[in-house]
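Okay, here's what each chain looks like letter by letter:
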Amino acid sequence: MTDKNELAQIGVVGLAVMGSNLARNFARNGNTVAVYNRSPEKTHALIEAHGEEGNFVPSETIEDFVASLERPRKAIIMVKAGKATDAVIDQLAEAMDEGDVIIDGGNALFTDTIRREKDVAARGKHFVGAGISGGEEGALNGPSIMPGGPKESWETLGPILESIAANVDGTPCVTHIGPDGAGHFVKMVHNGIEYADMQVIGEAYQLLRYGAGMEPAEIAEVFREWNSGDLDSYLIEITAEVLAQKDPETGAPLVDVIVDAAGQKGTGRWTAINGLELGVPITGIAESVFARALSSSTAQRRAAQEGQLPAGTIKELDVDKAAFIEDVRRALYAAKLIAYSQGFDEIKAGSEEFGWDVDPRDLATIWRGGCIIRAKFLDRIRAAYDKNADLPALILDPYFKGELEDLIDPWRRVVVAATQLGLPAPVFASSLSYYDSLRAERLPAALIQGQRDFFGAHTFKRTDKPGVFHIEWSGDRSLTQTD
Ligand code: NBP
């Protein structure tokens, strides 16, 4: 139904797949929704195909669109991230009045969101950068939404977003995350965790396929079974679906006909870069981004496959298949746990750096539904932060510590097996090194400090007394205290 005279509670600019699905979701949930797209064909197509799903108010100019919104006006931008977003923000800020709210629902880099919030605030309007997860299906049926921006905007925007968000146990998967770029920041880290989660699932598949010699359909059954336990999650569920799928053209397992070069749109890379900038070891996420890059290094891979690199001694799997499958399940669980723990570390560090005061319990709550990393496991994460919001690391929560007691030996066995089988398992292995580094009483960092003092007089601290010291390496090797 369309009514040009009715004022809309919310507007959507940009009616490609995400925007039109989001607009339909608003309309289906009782909101009158104003819709506008740069080229009017998309607006017409939406109204023609889905106009009966609820109350839409279509416009062909941004001025008419703004005039069709109830005050304070609220408009969500769902256009291509980057320059297009800046252009639309400018048009909306020009046409709107003081106190109106511009929401960017695209995948913006959080530093862009911080800049945009400042610019829009200087023009007297509110700006909310909102991370929206769940892809096109989530946009239509209930996404997980991570809005940042001023708290006042949340007061008016909150109920509308709650009406379309996914819902788990009566709790909507949306809450105010924090000021300016906080929403887009946590969405970025969410995507980074998603990269790691997908990579560890991939590594488990690789070991079962080429280590245990199992066929994709058989592995699909294993994943189906795993989905009824600790690993119960959307990604495990769809993995079983993909592995069970046959290629409609050849009848071969679909996974065998898909080129093994993983693409990326950049949010995982942003997460890794930000981890480096903040000095947070998010090794699982970074390694997953590198694994995708390596998969796409076609020329190098071809050269290496042509026998130019020695494989060394490759062993056959020498354990019972059922036992190996269970070990791989536990290694996957452990590596996944590390990736989440590291992701929450990055959020904590970002929150402190930018003064956002992000509550990790909120994230564990709103990621339980609607988003790609939705998993039963998030209830455990929420319980961990409920007990202690200042956990030094998620894996130090007593429940997860207990889980790791059961996971650590299988995890070590799987990393050893992968090495002996000559199969890559970069996140399984690097996560284990991270874990052992955290536990280690002494790290080789002492030696590195010695080296740095040797070649660059960078000084070092001592274990036995306070102060800063230097050895006269090129002289008499005496010790001097510099501070
Ligand atoms: P696209 O990212 O493909 O963008 C297409 C839309 O941008 C069209 O409506 C197009 O209008 C509009 N647009 C462009 Br391009 N330049 C414009 C300009 N200068 N002024 C006004 N409008 C302009 O759409 P999408 O895949 O629906 O994604 C929308 C946002 O949601 C993106 O930021 C994306 O990163 C994010 N996101 C997407 C997904 C997903 O699964 N696809 C998931 C999560 C987040 P036109 O019709 O006139 O060309």
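Keep in mind that what you see is a predicted model, and the values were worked out from it rather than measured. (Residues numbered from 1 in each chain as written. Predicted model: local features only at pLDDT ≥ 70, side-chain atom pairs only at ≥ 80, totals over all residues. Heavy atoms only, no water.)

A.B. asks: An account of the site of the ligand is needed here, citing residue identities and associated values.
C.D. replies: Around the ligand, the surrounding shell holds 20 residues, and the nearest of these are Met18, Asn37, Arg38, Ser39 and Lys42. Taking asparagine 107, its main chain carries an N or O atom lying 3.3 Å from an oxygen atom of the ligand. Expressed as a share of its isolated accessible area of 920 Å², the protein-covered part of the ligand is 76%. Elements with a contribution of two residues or more to the shell around the ligand: α1 (17-28), α4 (83-95) and α6 (135-141). Considering only residue class, the shell around the ligand consists of 10 nonpolar, six polar and four charged. (Near = heavy atom within 4 Å. Polar contact = N/O pair within 3.5 Å; in protein donor to acceptor, adjacent residues only side chain to side chain. Areas by Shrake-Rupley, 256 points an atom, 1.4 Å probe, with all protein chains shown as cover. Helix = DSSP H or I, 4+ residues; strand = E, 2+ residues; numbered from the N terminus. Nonpolar A, V, L, I, M, F, W, Y, C, P; charged D, E, K, R; others polar.)

A.B. asks: Outline the UniProt feature "active site" (unreviewed entry) in the protein, supporting the account with residue identities and numerical values.
C.D. replies: The UniProt feature table records "active site" (unreviewed entry) at Lys187 and Glu194. In this structure, lysine 187 sits in helix α8 (residues 182-211). A relative accessible area of 5% means that lysine 187 is categorised as buried. Leaving out residues up to four positions away in the same chain, lysine 187 has contacts with Asn107, Gly131, Ile132, Ser133 and Met146. Within the structure, lysine 187 has its side chain in polar contact with the side chain of asparagine 107 (distance 2.9 Å). Note that glutamate 194 resides in helix α8. (UniProt positions renumbered as here; feature names shortened; annotations may be inferred. Buried < 20%, exposed > 50% of the residue type's maximum accessible area, 1.4 Å probe, protein only. Contact = heavy atoms within 4.5 Å.)

A.B. asks: Please give an account of the UniProt feature "domain: 6-phosphogluconate dehydrogenase C-terminal" (unreviewed entry) in the protein that cites residues and values.
C.D. replies: Taken from the UniProt record, the annotation "domain: 6-phosphogluconate dehydrogenase C-terminal" (unreviewed entry) applies to residues 183-474. The span residues 183-474 is 66% helical and 1% strand by assignment, and the distance between its end C-alpha atoms comes to 53 Å.

A.B. asks: Any chance you could break down helix α15 (residues 321-354) for me, citing the residues and the numbers?
C.D. replies: Over its 34 residues, α15 extends 49 Å from the first C-alpha to the last, a length consistent with the 50 Å expected when each residue adds 1.5 Å. A positive backbone phi angle near 65° is found at glycine 355, which sits one or two residues after α15. (Expected span 1.5 Å × (residues − 1).)

A.B. asks: Any chance you could break down the nonpolar core for me, citing the residues and the numbers?
C.D. replies: Phe223, Trp226, Leu332, Trp367, Ile381, Trp411 and Phe428 are the most contacted members of the largest nonpolar core, which totals 89 residues. Look past the residues within four positions of tryptophan 411 in its chain and what remains in contact with it is Ala331, Ala334, Ile338, Leu404, Phe428, Ser431, Leu432 and Tyr435. Within the second largest apolar cluster, 28 residues are counted, among which are Ala23, Ala27, Leu157 and Leu161. (Core = buried A, V, L, I, M, F, W, Y, C linked by side-chain atoms within 4.5 Å.)

A.B. asks: Before we move on, can you summarise the pairing of strand β6 (residues 126-133) with the specific residues and values?
C.D. replies: Judged by how many residues are buried, β6 sits mostly within the fold: eight of eight residues are covered. Two elements, strand β5 (residues 101-104) and β6, share four bridges in a ladder whose sense is parallel. Bridging across to β6, valine 101 finds its partner in histidine 126. As for the winding sense of the linkage, the β-α-β connection from β5 through helix α5 (residues 110-122) to β6 is right-handed. Of the pairings in the sheet, the one linking β6 to strand β7 (residues 144-147) comprises four bridges and is antiparallel in character. Paired with glycine 131 across the two strands is methionine 146, which belongs to β7. (Pairing = 2+ DSSP bridges. Right-handed = clockwise from strand over helix to strand, strands pointing away.)

A.B. asks: Now, about the sheet that holds strand β3 (residues 56-58): what can you tell me, with residues and values included?
C.D. replies: Judged by pairing direction, the sheet is mixed, and its seven strands sit side by side in the order β3-β2-β1-β4-β5-β6-β7 without closing on themselves. Pairing within the sheet leaves two strands with one partner each, and these edge strands are β3 and β7. Each strand of the sheet is rotated relative to its neighbour by a mean of 25°, with strand direction disregarded. (Axes fitted to C-alpha atoms, helices over the stretch in contact; angles between N-to-C directions.)

A.B. asks: Residues and numbers for helix α9 (residues 216-226), please.
C.D. replies: For α9, the complete set of buried residues consists of Pro216, Ile219, Ala220, Val222, Phe223 and Trp226. Looking straight down α9, one finds that the buried residues subtend no more than 160° of arc, so they occupy a single side. Looking at the buried positions of α9, the neighbouring elements they touch are α8, α10 (234-244), α11 (254-257) and α15. (Arc of directions from axis to C-beta.)

A.B. asks: So, the pattern of salt bridges: which residues are in play, and what are the values?
C.D. replies: With the rule as written, the count across this model stands at 28 salt bridges. Residues aspartate 197 and lysine 336 are paired through a salt bridge, measuring 3.4 Å at the closest nitrogen-oxygen approach. With aspartate 197 in helix α8 and lysine 336 in helix α15, the pair connects residues that are 139 residues apart, well separated along the chain. Ionic pairing is found between lysine 387 and aspartate 397, a salt bridge with its closest N-O pair at 3.4 Å. Remark: aspartate 397 occurs in the loop between α17 (377-387) and α18 (398-421) and lysine 387 occurs in helix α17; sequence separation between them is 10 residues. With a relative accessible area of 57%, lysine 387 lands in the exposed category. Assessed through its relative accessible area of 2%, aspartate 397 is described here as buried. Connected through salt bridges with shared partners, the residues Asp86, Asp104, Asp112, Arg115 and Arg116 form a single ionic network. (Salt bridge = Lys/Arg side-chain N within 4 Å of Asp/Glu carboxyl O.)

A.B. asks: Now, about the state of the cysteines: what can you tell me, with residues and values included?
C.D. replies: The full count for this structure, using the stated rule, is zero disulfides. Just so you know, cysteine 371 is unpaired, no disulfide at all, and the nearest cysteine sulfur is the one on cysteine 173, 7.2 Å from it. (Disulfide = S-S within 2.5 Å.)

A.B. asks: How would you summarise the side chain of arginine 368 if you had to cite specific residues and measurements?
C.D. replies: Assignment of secondary structure puts arginine 368 in the loop between α16 (360-366) and α17. One polar contact links the side chain of arginine 368 to the main-chain carbonyl oxygen of threonine 365, over a distance of 3.2 Å. When residues no more than four places from it in sequence are discounted, the contact partners of arginine 368 are Val168, Asp169, Thr171, Arg374, Ala375, Leu378, Asp379 and Arg382.

A.B. asks: Give a detailed account of the packing of α8 against helix α19 (residues 426-439), specifying residues and quantitative values.
C.D. replies: The contact between α8 and α19 brings their axes to 8 Å, and the two run at 115°. Along the contact surface, α8 presents Gln199, Val200, Glu203, Ala204 and Leu207, while α19 presents Pro426, Val427 and Phe428. When grouped by side-chain class, the residues that make up the contact of α8 with α19 number six nonpolar, one polar and one charged.

A.B. asks: Can you break down the environment of glutamine 342 residue by residue, with the values?
C.D. replies: Within the secondary structure layout, glutamine 342 lies in helix α15. As a C-alpha pair, glutamine 342 and glycine 266 span 76 residues in sequence and 19 Å in three-dimensional space. Not counting the four nearest positions on each side in its chain, glutamine 342 is found in contact with Val280, Pro281, Ile282, Thr283, Gly284, Ile285 and Tyr434.

A.B. asks: Tell me about the packing of aromatic side chains, residues and numbers included.
C.D. replies: A full pass over the atoms with the stated rule returns 16 aromatic pairs. Measuring from centroid to centroid gives 6.1 Å for tyrosine 333 and phenylalanine 377, while their planes differ by 75°, and the two rings are edge-to-face. With tyrosine 333 in helix α15 and phenylalanine 377 in helix α17, this residue pair connects regions lying 44 residues apart in the sequence. The exposure class of tyrosine 333 is buried, given its relative accessible area of 2%. The rings of Tyr333, Tyr340, Phe377, Tyr399 and Phe400 are connected pair by pair, giving a single aromatic cluster. (Phe/Tyr/Trp six-rings, centres within 6.5 Å; stacked < 30°, edge-to-face > 60°.)

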